[in-house]
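# Inside the fold
Next come the chains, spelled out residue by residue.
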Amino acid sequence: MTESSAHHGEAGFSMANLIGIDPLWLATGILIAVYALLITEKMNRAILAMLGASLMVIFGIINQQQALAGVDANTLALLIGMMVIVAITSKSGLFQYVAIKAAKSVKANPTGILIMLTLITAVFSAMLDNVTTVLLIAPITLLITDALETPVFPFFMAEILASNVGGTATLIGDPPNIIIGSAAGLSFNDFLWNLAPISAFCLVILTAIIYVMNRKALAKIPASASERIMKFDESGAITDVTLMIKSLAVLALVIFGFTVGHGYGIQPGTSALAGSALLMLLAYGHQTAEQQSESVHHIFGEVEWVTILFFAGLFVIVAGVEHVGLLNFFAEKVLEVTDGDLMWTSFLIFWASGILSAILDNIPFVATMIPLIESTEGTFGGPEAIEPLWWSLALGACLGGNGSLLGASANLTVAAFAEKAKQPIKFLAFMKIAFPIMLLTLAISNVYLWLRYFM
């Protein structure tokens, strides 16, 4: 019996062993099959993820408790909570107001709007987190592109890439950074000092690429579309001032929770769910019990449950391959290959986390790498000596999220908005553009790591 089989045997009865297949190969096979079918886009992603997750439990690769433990409840709570807040806030007309105001600020020039939305997404992703940011920006983007009568794909593409690049800059910008900061005792200022410079540089490069890629197509949009936007009255877009004030107040409280809650053990998901409950109370508390039920039922109907269930299933699948030792195997190989050289260990961790984060969710990979990096303290001379390894892991995991639609939570959140708008983002169409851009930002960041820590 292999080590992975023995490790798995602790969970009890295993159908994988009964049919004579090593759980490591079976779990890897399920993972590959799910990803292969996702790429073909012939089947709904929620169905695939739920089926893959079910097979992990049915075949005894992980048990029910391990499957539930593998689900990142914080991410799901953050998504659900913010989706509810966005759905209620949209009823006030706030997003329409911001969309018109933003478009008018650049004279409704389509290329100008694209660049502005890219920069806003990156900055907000650093201050909030990338999932929350795209939940706020995506509805505005759809309103603008509808008015311009242009496909939303270039705009959503730019915002996905910008959200991951911007989220790299701070402790709270991307979930892997929160995990690394907590494990390594790195502060908000540490992340800002070490990662914000390269994040800002990559954003400049990304913005230039987005401009060059889209300026010709966007220039074809008739001037009449821009003129139509300039005639819009943004003040008339606000349909419910009271609801807008309540929504903004709750949103401010939630953002406050994001920034200070972590130090008190309060996760972003808790802040988002608490905020959504408070906003529902403020918005519907004056209604009769029957009206409240109807309003709440309607708002929960606007939550993208396909995305939520896809994430839940994907977390279980990754928990399965993590349990049988696949991620640990890769992590150990990364450290073996470099034979105790800090610079090459740093570079290998960086590229491994970048490439793997493009195809797997970056959270479990980062969680697997943390104890292995901590174990190198003796080899390299203490906690301070291995600090470059933490920055390599954070940079690779965050920037690697741009490699495919599955690379980061923000990517799939935007894809859900596109699907709802009946303009779905195709897996391969996204990857064809995003993967080379990801490789370019990784290459630039590799030079930065060398100059900053090893020159």
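Located above this text is the structure these notes cover.
Rules behind the numbers
- Residues numbered from 1 in each chain as written.
- Predicted model: local features only at pLDDT ≥ 70, side-chain atom pairs only at ≥ 80, totals over all residues.
- Heavy atoms only, no water.
- Helix = DSSP H or I, 4+ residues; strand = E, 2+ residues; numbered from the N terminus.
- Areas by Shrake-Rupley, 256 points an atom, 1.4 Å probe, with all protein chains shown as cover.
- Lys, Arg positive; Asp, Glu negative; His and termini not counted.
- Charge placed at Lys NZ, Arg CZ, Asp CG, Glu CD.
- Core = buried A, V, L, I, M, F, W, Y, C linked by side-chain atoms within 4.5 Å.
- Buried < 20%, exposed > 50% of the residue type's maximum accessible area, 1.4 Å probe, protein only.
- Contact = heavy atoms within 4.5 Å.
- Phe/Tyr/Trp six-rings, centres within 6.5 Å; stacked < 30°, edge-to-face > 60°.
- Lys NZ or Arg CZ within 6 Å of the ring centre and 35° of its normal.
- Salt bridge = Lys/Arg side-chain N within 4 Å of Asp/Glu carboxyl O.
- Patch = residues over 30% accessible without salt bridge, like charges linked within 9 Å, V, L, I, M, F, W, Y side chains within 5 Å.
- Arc of directions from axis to C-beta.

Of the regular secondary structure elements, the chain holds 24 helices and 0 strands. In terms of its C-alpha atoms, the chain occupies a principal-axis envelope of roughly 70 × 60 × 45 Å. Of the roughly 19100 Å² of accessible surface on the chain, 67% is carried by carbon and sulfur atoms. Averaging the positions of the 18 positive and the 30 negative side-chain charges in the chain gives two centres separated by 19 Å.

Right, let's get into the nonpolar core. Ranked by size, the top nonpolar core spans 138 residues in total, and within it Met82, Ile88, Phe156 and Leu393 carry the most contacts. Excluding its chain neighbours within four sequence positions, the residues that come into contact with Phe156 are Ala138, Thr141, Leu142, Val414, Phe417, Ala418 and Ile425.

Further remarks concern the packing of aromatic side chains. Scanning the model with the defined rule gives 6 aromatic pairs in all. When the centroid spacing of 6.2 Å and the interplanar angle of 50° are considered together, the rings of Phe310 and Phe311 count as tilted. For Phe310, a relative accessible area of 1% translates into the label buried. Looking at Phe311, the relative accessible area reads 1%, which means it is buried. Consider the rings of Phe350 and Trp351, whose centres lie 5.6 Å apart with planes at 80°: the pair is edge-to-face. Ring pairing ties together the aromatic residues Phe310, Phe311 and Phe315, which thus form one cluster. Note that Arg45 overlies the ring of Phe310, its terminal NZ or CZ placed 5.9 Å from the centroid.

Next up on the list: unusual backbone geometry. Phi is positive for Glu149, which is not a glycine, with a value near 55°. Mapped onto the fold, Glu149 is located in the loop between α9 (130-148) and α10 (153-167). Given the relative accessible area of 64%, Glu149 is considered exposed. Although it is not a glycine, Lys422 adopts a positive phi angle of roughly 60°. Relative to the helices and strands, Lys422 resides in the loop between α23 (409-420) and α24 (427-453).

Where charged atoms from two side chains of opposite charge approach closely, those side chains can pair. All told, the structure shown has 6 salt bridges when counted by the stated rule. Glu419 is paired through a salt bridge with Arg45; the nearest N and O atoms lie 2.8 Å apart. With Glu419 in helix α23 and Arg45 in helix α4 (residues 45-58), this residue pair connects regions lying 374 residues apart in the sequence. For Glu419, a relative accessible area of 36% translates into the label partly exposed. Between Lys101 and Glu234 there is a salt bridge, with the nearest N and O atoms lying 3.4 Å from each other. Placement of the pair is Lys101 in helix α7 (residues 94-105) and Glu234 in the loop between α13 (223-230) and α14 (241-261), with a sequence separation of 133 residues. Of the residues examined, Lys101 reaches a relative accessible area of 42% and is grouped as partly exposed. Judged by its relative accessible area of 14%, Glu234 falls in the buried class. Look at the salt bridges and you will find they share partners, linking Lys101, Lys104 and Glu234 into a network.

So, about a nonpolar patch on the surface. Together, Met50, Phe300, Trp305 and Leu309 give the surface a local cluster of nonpolar side chains, amounting to about 350 Å² of exposed area. Within the fold, Leu309 resides in helix α17 (residues 305-323). Leu309 sits in the partly exposed class, given a relative accessible area of 41%.

Of all the residues in α13, the buried ones are Ala225, Ser226 and Ile229. The buried residues of α13 occupy one face: seen down the axis, they fall within an arc of 95°. Along its buried surface, α13 packs onto α7, α8 (110-127) and α9.

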